[in-house]
Amino acid sequence: MSVSDPVADMLTKVRNAAMARHEKVDIPASKLKLEIVKILKTEGYIKNFKRISQDGLNCIRVFLKYDDKNASVIHGLERVSKPGRRVYSGYKDLPRVYNGFGTLIVSTSVGVTTGKKACEKQIGGELLCKVW
């Protein structure tokens, strides 16, 4: 089955797995998804991830993170730029997520990065998603 927005599909799988309290979730791999998962790991939203080959298909296995009360660390995932409406922003106009407590993931000319790092490097780009 063809997916028109693979990034939104990945975010939905992670969101649903976190709400269902799953330990891990498998996502079809791509370079962009791998970069987003790396950012989720460095920002502390997931425990770890691993690239696996399952039935001849490359996948990313994401291990979800929960707090002491067994509540998900990820409270929300929201896709900003969609295939029907791409959203771009300069570094001066990058939105803040939950007054700085969330993370904005931006695709820039030098790669996928967080909104804070894009501001420091003074680079704008396409706003991929918000995580809080």
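Summarised in this report is the structure supplied together with it. None of these values were measured; they are calculated from a predicted model. (Residues numbered from 1 in each chain as written. Predicted model: local features only at pLDDT ≥ 70, side-chain atom pairs only at ≥ 80, totals over all residues. Heavy atoms only, no water.)

1. Some remarks on the sheet that holds strand E2 (residues 46-54)
- Sheet architecture is open: three strands sit in the order E1-E3-E2, paired in antiparallel fashion. Of all the strands in the sheet, just strand E1 (24-28) and E2 have a single pairing partner and so form its edges. Between one strand axis and the next, the sheet turns by 25° as a mean value, whatever way the strands run.
- In this structure, E1 lies alongside strand E3 (residues 57-64), joined through five bridges in antiparallel fashion. In the strand pairing of E3, Lys24 is matched with Phe63.
- Strands E1 and E3 of the sheet are contacted by helix H1 (residues 6-19), whose axis makes an angle of about 170° with E1.
- Set on the sheet, helix H2 (residues 31-42) makes contact with E1, E2 and E3; between it and E2 the angle comes to about 155°. (Pairing = 2+ DSSP bridges. Helix = DSSP H or I, 4+ residues; strand = E, 2+ residues; numbered from the N terminus. Axes fitted to C-alpha atoms, helices over the stretch in contact; angles between N-to-C directions. Contact = heavy atoms within 4.5 Å.)

2. Focus: the side chain of Arg79
- Relative to the elements of secondary structure, Arg79 occurs in strand E4 (residues 77-79).
- Engagement of the side chain of Arg79 in a polar contact is seen with the backbone oxygen of Leu128, the distance being 3.2 Å. (Polar contact = N/O pair within 3.5 Å; in protein donor to acceptor, adjacent residues only side chain to side chain.)

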